Amino acid sequence: MPTYPQGDVDVVDDAGAHSAILKLEGTSELAVDLEADSMHAFRARLCFIQVGTDHDVFLFDTLQPGVEARLLAPLLGDPQRTKFFHAAQGDLQFLAEVGVRVRGLFDTHRAATLLGWPKVGLADIAREKLGVELPKEHQQSDFSLRPLPPGMHAYIANDVRYLCELGRQVRVACDEAGILEEVLLDCERLCDEAVARPDVGADFKPKLPRSGLSAAQQALAHAIAHALHRKRLEWAEKENVPMGRMLSNMALADIATRLPSTPRDLARAAGVRGAFVRAHGDEVLAIVREQQEKSARGELAPEREAKGPKDTNRRKREDLLKAFRVEKATERKVTPSVVLTNPLMEALIAHPPRNLDELARLPYFGDKRLKLYGAALVELLAPYPVQG
């Protein structure tokens, strides 16, 4: 019979943190989720860490003095204690940022994906496995509000209330499908690769048309896009809003290619609001004019990708591995990512193993894959070593 906590939840402040952690230490399985104000602030803050067991739900209010994620570090870092997350990657980044590492992860989203389930959202799985409907009305709410409005405590508690029970059921399904080792290895990879979030906007790469523009037009569009990106960061930080709310990537790309010259033209760009034109239109138009003048003077060189020695066999290895994992997935009646995840594919394409010992040292490959596919993979890739 399904087991999950009923009734009220405990909102944990500084005074109650110690007793809550003592209670959590008595269980071998924890459900964990995080809430941030990502939809409402320039640099998102961690607002709550929800931790559930079969009997209790604790909401650690990390905006309260003395309630820090590090208090949970021993519990979250204990590999002998299972931590059920759903879609853990973003949460692991928040935790890594404050020096908290998770071990013993079981990510129900990743597991359901490898199982090939058609719907892998938490609400979908709760409905399918437990007949429970999880409300969605607060998905975009501001979790930094204090006091939190009525109903939102219960809303965020539901993200972990059923997760231990669901986690066990998903884990059984993985075991019955013969893919539990592969799932656990991928969860281990997620934990190991978790790093602190990059600076806001640091990884920006404008999505501009690849065709229909000359080299000079492409260079101009890139220059405008990057200049607008730097400016929207400045505006968004000043107003403490997400940079995409200030000016979306879609709007930025449309401005960079449409080249508006008047406020009316700017207002026609995709996703540009009238309020934005009134507040920042003059600066946007000035940036467009400045980059156009630089282009006319020949000061904008086309962006070129750094090219190293060409590996003439790389495409062949890639094609062979894609066909291999589809074939083996069909034989086992599993999803292709169970045979080889995308990160494993990339590693094998970039550095084909010369023997089984090299393959065995590949992180997250695992004993099962080595036994099932090791010799065949070495033989498959042997004729196509890295060239150049």
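Description of the structure in this document. Quick caveat, the model's predicted, so the values are computed rather than measured.

Thresholds, definitions, all that
Residues numbered from 1 in each chain as written. Predicted model: local features only at pLDDT ≥ 70, side-chain atom pairs only at ≥ 80, totals over all residues. Heavy atoms only, no water. Helix = DSSP H or I, 4+ residues; strand = E, 2+ residues; numbered from the N terminus. Buried < 20%, exposed > 50% of the residue type's maximum accessible area, 1.4 Å probe, protein only. Contact = heavy atoms within 4.5 Å. Areas by Shrake-Rupley, 256 points an atom, 1.4 Å probe, with all protein chains shown as cover. Lys, Arg positive; Asp, Glu negative; His and termini not counted. Charge placed at Lys NZ, Arg CZ, Asp CG, Glu CD. Expected span 1.5 Å × (residues − 1). Bend = angle between axes of the 7 residues up to and from the residue. Polar contact = N/O pair within 3.5 Å; in protein donor to acceptor, adjacent residues only side chain to side chain.

Quick word on the overall build of the chain
1) Next: Helix and strand content of the chain: 18 helices and six strands.
2) Next: Projected onto the principal axes, the alpha-carbon positions of the chain cover approximately 70 × 65 × 35 Å.
3) Next: Put simply, the chain has 388 residues, and 46% of those count as buried.
4) Next: In the chain, the share of contacts with a sequence separation of at least 24, taken over all contacts with a separation of at least 6, comes to 66%.
5) Next: Accessible area of the chain: about 20,400 Å², with a carbon and sulfur share of 50%.
6) Next: Positive and negative side-chain charges in the chain, numbering 52 and 56 respectively, have mean positions lying 7 Å apart.

Quick word on helix H18 (residues 366-381)
1) Next: Taking 1.5 Å of rise per residue, the 16 residues of H18 would be expected to cover 22 Å, yet its terminal C-alpha atoms sit only 19 Å apart, more than 12% below that figure.
2) Next: Taken as a whole, H18 carries its principal kink of about 65° at Tyr-373.
3) Next: Here H18 has its buried residues at Arg-369, Tyr-373, Gly-374, Leu-377, Val-378 and Leu-381.
4) Next: Among the structural elements, helix H8 (180-193), helix H14 (314-332), helix H15 (336-339), helix H16 (342-350) and helix H17 (356-360) are those in contact with the buried residues of H18.

What to know about the side chain of Gln-50
1) Next: Inspection of the secondary structure assignment puts Gln-50 in strand S3 (residues 46-52).
2) Next: Note on Gln-50: relative accessible area 0%, which makes it buried.
3) Next: One polar contact links the side chain of Gln-50 to the main-chain carbonyl oxygen of Ile-156, over a distance of 3.1 Å.
4) Next: Once residues lying within four places of it in the same chain are set aside, the contact partners of Gln-50 are Ala-31, Val-32, Asp-33, Leu-34, Glu-35, Phe-58, Leu-59, Ile-156, Asp-159 and Val-160.

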